[in-house]
2 protein chains.
Amino acid sequence: MASTPRAHTPQSTPFRWDGVEELVYKESDTTFRDVTRRVLAGAEAGQGVELRYFEVGPGGHSTLEHHEHTHVVVPVRGQGRALVGTEVVDLAPHDVVQVPAWTWHQFRAVGDEPFGFLCLVTCERDRPVRPDAEQLAQLRSIPEVADFLRV
Amino acid sequence: MASTPRAHTPQSTPFRWDGVEELVYKESDTTFRDVTRRVLAGAEAGQGVELRYFEVGPGGHSTLEHHEHTHVVVPVRGQGRALVGTEVVDLAPHDVVQVPAWTWHQFRAVGDEPFGFLCLVTCERDRPVRPDAEQLAQLRSIPEVADFLRV
């Protein structure tokens, strides 16, 4: 987006915004499947946070990771499921999810529709870290978590 | 909300969240009509911002005001219209609105349904300021703005 805020960014079609480009979720990474990213408001908004829209295609998932920075997530499209810490939660549009610092998390689409969510994050943030073998084994010791995880 | 983030805050009914109380929009003020406020994520989220849900009833409107702090707004329910600066824009769910510093703004519901929107704001912020008579006259010199305003 431009460095000057646009007062109004309407949608050209549902969940696609005028002048907001589709970005890859991450470069050179095989730890996720079918995820796109759009920055709806960035540093230009003057709040030190970015508002992004992520969309996970049917059967897709984000990377299992943790980091110091936090997330606030609001699903807006379709149905999903998330791991937050050691809890697996079913997500519907307009639920609220908070991911505290250093909390394992992963998002998956459920069903045949894309799962889209708004995600708040600070502009300055640390790099995500993936679990090592020991951490992964520990997560998988919880049957519900083991069923959920895609790595 | 508690000072420890809740991982998942589901909705009890659409646009009503478990454990999130309805708040008055503002105390002792007659400059708005039929607006409620809910804090979906606050300082506990660790990002220096609050995510609030505002709902404007049919025929209702927020206060016409400006301030140094900025807003990022995402409508999620019904139809609305907003003044941002000297621009009147029609709003549909999942559009994005950015209100820069010291920019006049007001939100109204359109039609028979409540108009609900997410609104991002920094936790620490200055007090909103309403227009004086001269500023109001200047705003009203624009016919479209004059038609829109409710003060």
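Residues numbered from 1 in each chain as written. Chains lettered and ligands numbered in written order. Predicted model: local features only at pLDDT ≥ 70, side-chain atom pairs only at ≥ 80, totals over all residues.

S.K.: How would you sum up the overall build of chain A? Please name residues and give values.
M.R.: Helices and strands together make up the secondary structure of chain A, namely two helices and 12 strands. Listed N to C, the secondary structure of chain A is β-β-β-β-β-β-β-β-β-β-β-β-α-α in terms of helices and strands. Summarising its shape, the C-alpha atoms of chain A cover approximately 50 × 35 × 30 Å along the three principal directions. Classification of the 151 residues of chain A by burial places 34% in the buried group. Across chain A, contacts joining residues at least 24 apart in sequence account for 66% of those joining residues at least 6 apart. (Helix = DSSP H or I, 4+ residues; strand = E, 2+ residues; numbered from the N terminus. Buried ≥ 20, exposed ≤ 12 C-beta atoms within 10 Å, placed from the backbone. Contact = placed C-beta atoms within 7 Å.)

S.K.: So what's going on with the nonpolar core? Residues and values would help.
M.R.: Ranked by internal contacts, the top residues of the largest apolar core, which has 58 residues, are Leu118 of chain A together with Leu118 of chain B. Leucine 118 of chain A has contacts with Leu51, Tyr53, Val73, Val74 and Val76 of chain A together with Val74 of chain B, leaving out every residue within four places of it along the chain. (Core = buried A, V, L, I, M, F, W, Y, C linked by C-beta atoms within 7 Å.)

S.K.: Can you lay out the relation of the copies chain A and chain B for me, pointing to particular residues and giving the numbers?
M.R.: Once turned by 180 degrees and shifted 0.0 Å along the axis, chain A lies on chain B with an RMSD of 0.0 Å. This pairing of chains is accounted for by a two-fold axis. (Least-squares fit on C-alpha atoms with pLDDT ≥ 70 in both.)

S.K.: Which residues make up the interface of chain A and chain B, and what are the values?
M.R.: Taken residue by residue, the interface counts 36 residues in chain A and 36 residues in chain B. Mapped onto the side of chain A that touches chain B, the elements with two or more residues apiece are strand S1 (8–9), strand S5 (33–41), strand S6 (49–61), strand S7 (71–77), strand S9 (87–91), strand S10 (96–99) and strand S12 (115–122) of chain A. Split into classes, the residues belonging to the side of chain A that touches chain B amount to 22 nonpolar, 11 polar and three charged. (Nonpolar A, V, L, I, M, F, W, Y, C, P; charged D, E, K, R; others polar.)

S.K.: How would you summarise the confidence of the model for chain A if you had to cite specific residues and measurements?
M.R.: On average, residues of chain A score 92 in pLDDT, and 95% of them are at 70 or above. Listed scores for the predicted complex are pTM 0.92 and ipTM 0.91. (pLDDT = per-residue confidence, 0-100.)

S.K.: I'd like to hear about the environment of leucine 120 of chain A, residue by residue, with values.
M.R.: Mapped onto the elements of the fold, leucine 120 of chain A is located in strand S12. Excluding its chain neighbours within four sequence positions, the residues that come into contact with leucine 120 of chain A are Val49, Leu51, His71 and Val72 of chain A together with Gln47 and Leu51 of chain B.

S.K.: Tell me about the environment of glycine 59 of chain B, residues and numbers included.
M.R.: Residues and elements named next belong to chain B. Within the secondary structure, glycine 59 sits in strand S6 (residues 49–61). Classification of glycine 59 by C-beta neighbours within 10 Å gives partly exposed; the count is 13. Apart from residues lying up to four places away in sequence, glycine 59 is in contact with Arg33, Asp34 and Ala109.

S.K.: Can you lay out unusual backbone geometry for me, pointing to particular residues and giving the numbers?
M.R.: Residues and elements named next belong to chain A. Its identity as a non-glycine residue notwithstanding, phenylalanine 15 has a phi of 65 degrees, on the positive side. Mapped onto the secondary structure, phenylalanine 15 falls in the loop between strand S2 (11–13) and strand S3 (16–17). Phi is positive for tryptophan 102, which is not a glycine, with a value near 50 degrees. Within the fold, tryptophan 102 resides in the loop between S10 and strand S11 (105–110).

S.K.: I'd love a proper account of the pairing of S12 of chain A, names of residues and values included.
M.R.: Residues and elements named next belong to chain A. Most of S12 is tucked away: six of the eight residues are buried. Where S6 lies against S12, eight bridges are found, and the strand directions are antiparallel. The residue bridging glutamate 50 from the neighbouring strand is valine 121, located in S12. Bridge count between S7 and S12: five bridges; the pairing is antiparallel. If you follow valine 74 over to S12, its bridge partner there is leucine 118. (Pairing = 2+ DSSP bridges.)

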